[in-house]
Amino acid sequence: MNQNNDQQKFIYTYSAKENAEIESIRKKYQTPEADSKLHQLHTLDASVYSCANAAAIAVGVVGSLLMGLGMSMVMTPFGDLLGIYEYPLGIAAGLVGLAIAVCAYPLYRAVYEHRKNKVAPRILQLLDELDEQKKDE
């Protein structure tokens, strides 16, 4: 053999950390398969919870802010701007805010049930198709 072949070496280094980082970046930019049945199933299932959560959080925040306004009217000089009506208005605002905040959970259940009933046929269809795929494999 000649001297050049003897001096050539193949050096390979493996880094699990680098490969994990590469894969995480790849997943960020890789578009999910739009027609993947499993992906559609996950998306539909998540939409049921996310719609209900968004509605309940919005109502809960509005109710809490209104309760805070009522408490502020009663306990701080902010209420003095209204004169003699500060206490009744503050208590009324707090009670209305409390009533709105209490409605957050029933609203969550209603939106959840409505959304679940709306997407249930498609989810069941996807589950049946995935079961058929498993049986064929």
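To start, this report covers the structure provided alongside it. (Residues numbered from 1 in each chain as written. Predicted model: local features only at pLDDT ≥ 70, side-chain atom pairs only at ≥ 80, totals over all residues. Heavy atoms only, no water.)

**So, the pattern of salt bridges**
Across all of its chains, the model carries three salt bridges by this definition. The salt bridge involving E113 is made with R109; its shortest N-O contact spans 3.3 Å. Separated by four residues within a single helix, E113 and R109 lie in helix α5 (residues 104–136), roughly one turn from each other. For K116, the salt bridge is made with E113, and the minimal N-O distance between the two is 3.8 Å. Residue K116 and its partner E113 are both found in helix α5; the two are separated by three residues, about one turn of the helix. A single network of salt bridges, built from pairs that share partners, joins R109, E113 and K116. (Salt bridge = Lys/Arg side-chain N within 4 Å of Asp/Glu carboxyl O. Helix = DSSP H or I, 4+ residues; strand = E, 2+ residues; numbered from the N terminus.)

**Re the packing of aromatic side chains**
For the coordinates displayed, the defined rule picks out three aromatic pairs. A centroid spacing of 6.2 Å and a plane angle of 10° characterise the contact between Y108 and Y112, whose relative ring orientation is stacked. Here the residue Y108 and the residue Y112 both occupy positions in helix α5, the gap between them amounting to four residues, near one helical turn. The two residues Y108 and Y112 agree in class, both being buried. Connected via pairs of aromatic rings, a cluster forms that spans Y49, Y105, Y108 and Y112. (Phe/Tyr/Trp six-rings, centres within 6.5 Å; stacked < 30°, edge-to-face > 60°. Buried < 20%, exposed > 50% of the residue type's maximum accessible area, 1.4 Å probe, protein only.)

Note that all results are geometric; they support no functional claim without further evidence.
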